[in-house]
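In case you want the letters, here they are:
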Amino acid sequence: MNSVIKKNLLIEGKTKKIYCTNNPFEIIIHYKDNLTSLNGKKNEIYQDKGILNNEINTHIFQFLNSCGINTHFIKRINNREQLCMKLKMIPLEFVLRNIVSGSMAQRLGIEEGIKINKNGIIEIFYKNDQLQDPLINDHHAIFLDIISYEELNYIYSIMKKINNILKQYFLSKNIILVDFKLEFGKNTNNEISLADEISPETCRFWDKITMKKLDKDPFRKNLTTKHIDIIDVYMEILKRLHHNSSYQ
Ligand code: 5GP
């Protein structure tokens, strides 16, 4: 069996580091303890958050792989790191909303909590720190030469599939999947795979019974009083994912 050798740092982001490996088609993703919001203006360290996030992501990506979704995830290699396929990332964030919340509620002046139809609403944000990731539509994305119509339609269909899988899966854990953000990349054959992460940092999770927020929103809104709050949320999500589950 070929062993993975970690090589030079490729990119360091706000919450992750990406390393090259001895295989040019594979990378190592290292989860840091930083938690950020407001495009990095708020940035705090929560000890061991990266370990929990690596476990949560491993669980969800293994589950999606087992459901036939093409993802970048290959395997977890230690408590903070996972081996993934190297992809050319598409500089777009795709948000799917099942329930009105966050920026959609603010932008449209509507109440949080309104249910959207079963397909949800998909929004596209242009990943550009200087412009603060503006909301764009599909015509803009094509005009900017980021993506083709065919690729967009493919991503929309994959997102609907992922939404149906995850909505049901989280509901079986008494969690409502309010909304989530996905990112995609292409391999050297131009095939599109799901990349980045799926976690309390990129999704809104509400407890089905109490409606308590089990995600990063209290941090975004400065509602966490002590560091332990965020860690408790991650541990609660992990506990529920592992409960009655064959995906370890
Ligand atoms: P909103 O647009 O309401 O702020 O976010 C919608 C969903 O996408 C939420 O689940 C949120 O966690 C996720 N999301 C949107 N933009 C980002 C981003 O730049 N970083 C992260 N981590 N999540 C995002």
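For the structure itself, look to the data block above.
Residues numbered from 1 in each chain as written. Predicted model: local features only at pLDDT ≥ 70, side-chain atom pairs only at ≥ 80, totals over all residues. Heavy atoms only, no water.

Student: Explain the overall build of the protein chain to me, using residue names and the numbers behind them.
Tutor: Helix and strand counts for the protein chain come out as six helices and 14 strands. Taking 248 residues into account, the globule formula puts the C-alpha radius of gyration at 18 Å, and the protein chain, at 18 Å, falls close to it. On the principal axes, the C-alpha backbone points of the protein chain span a range of 50 × 45 × 35 Å. Across the 248 residues of the protein chain, 51% fall into the buried class. Put simply, 58% of the contacts in the protein chain that link residues at least 6 apart link residues at least 24 apart. For the protein chain, the exposed area adds up to about 12,700 Å²; of that, 52% sits on carbon and sulfur atoms. Each charge sign in the protein chain was given a centre, from 35 positive and 29 negative side chains, and these centres are 2 Å apart. (Helix = DSSP H or I, 4+ residues; strand = E, 2+ residues; numbered from the N terminus. Rg over C-alpha atoms; globule rule 2.2 N^0.38 Å. Buried < 20%, exposed > 50% of the residue type's maximum accessible area, 1.4 Å probe, protein only. Contact = heavy atoms within 4.5 Å. Areas by Shrake-Rupley, 256 points an atom, 1.4 Å probe, with all protein chains shown as cover. Lys, Arg positive; Asp, Glu negative; His and termini not counted. Charge placed at Lys NZ, Arg CZ, Asp CG, Glu CD.)

Student: Tell me about the site of the ligand, and name the residues and values.
Tutor: Lining the immediate surroundings of the ligand are 13 residues, of which Arg97, Ser103, Asp179, Glu201 and Arg220 lie closest. A distance of 2.8 Å separates a nitrogen atom of the ligand from a polar backbone atom of glutamate 201. Within the side chain of arginine 220, a nitrogen or oxygen atom sits 2.8 Å from an oxygen atom of the ligand. At the level of secondary structure, the elements contributing two or more residues to the shell around the ligand comprise strand E9 (92-97), helix H2 (102-108), strand E12 (175-186) and strand E14 (203-207). Grouping the amino acids of the shell around the ligand by side-chain chemistry returns three nonpolar, three polar and seven charged. (Near = heavy atom within 4 Å. Polar contact = N/O pair within 3.5 Å; in protein donor to acceptor, adjacent residues only side chain to side chain. Nonpolar A, V, L, I, M, F, W, Y, C, P; charged D, E, K, R; others polar.)

Student: Quick rundown of the side chain of lysine 181? Include the residues and the values.
Tutor: Relative to the helices and strands, lysine 181 resides in strand E12. Here aspartate 196 takes part through its side chain, which lies 3.2 Å from a polar atom of the side chain of lysine 181. Setting aside chain neighbours within four positions, we find lysine 181 in contact with Glu93, Phe94, Val95, Asp196, Glu197 and Thr202.

Student: So what's going on with the packing of helix H1 (residues 49-66) against helix H4 (residues 149-171)? Which residues, and what values?
Tutor: At a minimum axis separation of 11 Å, H1 and H4 run at an interaxial angle of 125 degrees. In terms of axis orientation, H1 runs oblique to H4. Note that H1 runs across H4; the crossing there is right-handed. Residue-level contacts link His59, Ile60, Phe63 and Leu64 of H1 to Ile162, Ile165, Leu166, Tyr169 and Phe170 of H4. Considered class by class, the residues forming the contact of H1 with H4 number eight nonpolar, one polar and no charged. (Axes fitted to C-alpha atoms, helices over the stretch in contact; angles between N-to-C directions. Parallel < 35°, antiparallel > 145°, perpendicular 65-115°, else oblique. Left-handed = near helix turned anticlockwise from the far one by under 90°.)

Student: Mind laying out the pattern of salt bridges, listing which residues take part and the relevant values?
Tutor: Applying the stated rule across the entire model yields 23 salt bridges. In this structure, aspartate 196 and lysine 16 form a salt bridge, with 3.4 Å as the shortest nitrogen-oxygen distance. Of this pair, aspartate 196 sits in the loop between strand E13 (192-195) and E14 while lysine 16 sits in strand E2 (residues 16-21), and the two are 180 residues apart along the sequence. Assessed through its relative accessible area of 15%, aspartate 196 is described here as buried. (Salt bridge = Lys/Arg side-chain N within 4 Å of Asp/Glu carboxyl O.)

Student: Describe unusual backbone geometry, with residues and values.
Tutor: With a phi angle near 60 degrees, glutamine 132 is a residue other than glycine that sits in the positive phi range. Along the polypeptide, glutamine 132 turns up in the loop between strand E10 (121-126) and strand E11 (135-136). Although it is not a glycine, asparagine 174 adopts a positive phi angle of roughly 60 degrees. By secondary structure assignment, the location of asparagine 174 is in the loop between H4 and E12.

Student: Which residues make up the packing of aromatic side chains, and what values do they have?
Tutor: Tallying each qualifying case throughout the model produces six aromatic pairs. Arranged with centres 5.9 Å apart and planes meeting at 75 degrees, the rings of tyrosine 46 and phenylalanine 219 form a pair that is edge-to-face. Taken together, the residues span a long stretch of sequence, with tyrosine 46 in the loop between strand E5 (42-45) and H1 and phenylalanine 219 in helix H5 (residues 217-220) at a distance of 173 residues. Just as tyrosine 46 is buried, phenylalanine 219 falls in that class too. (Phe/Tyr/Trp six-rings, centres within 6.5 Å; stacked < 30°, edge-to-face > 60°.)

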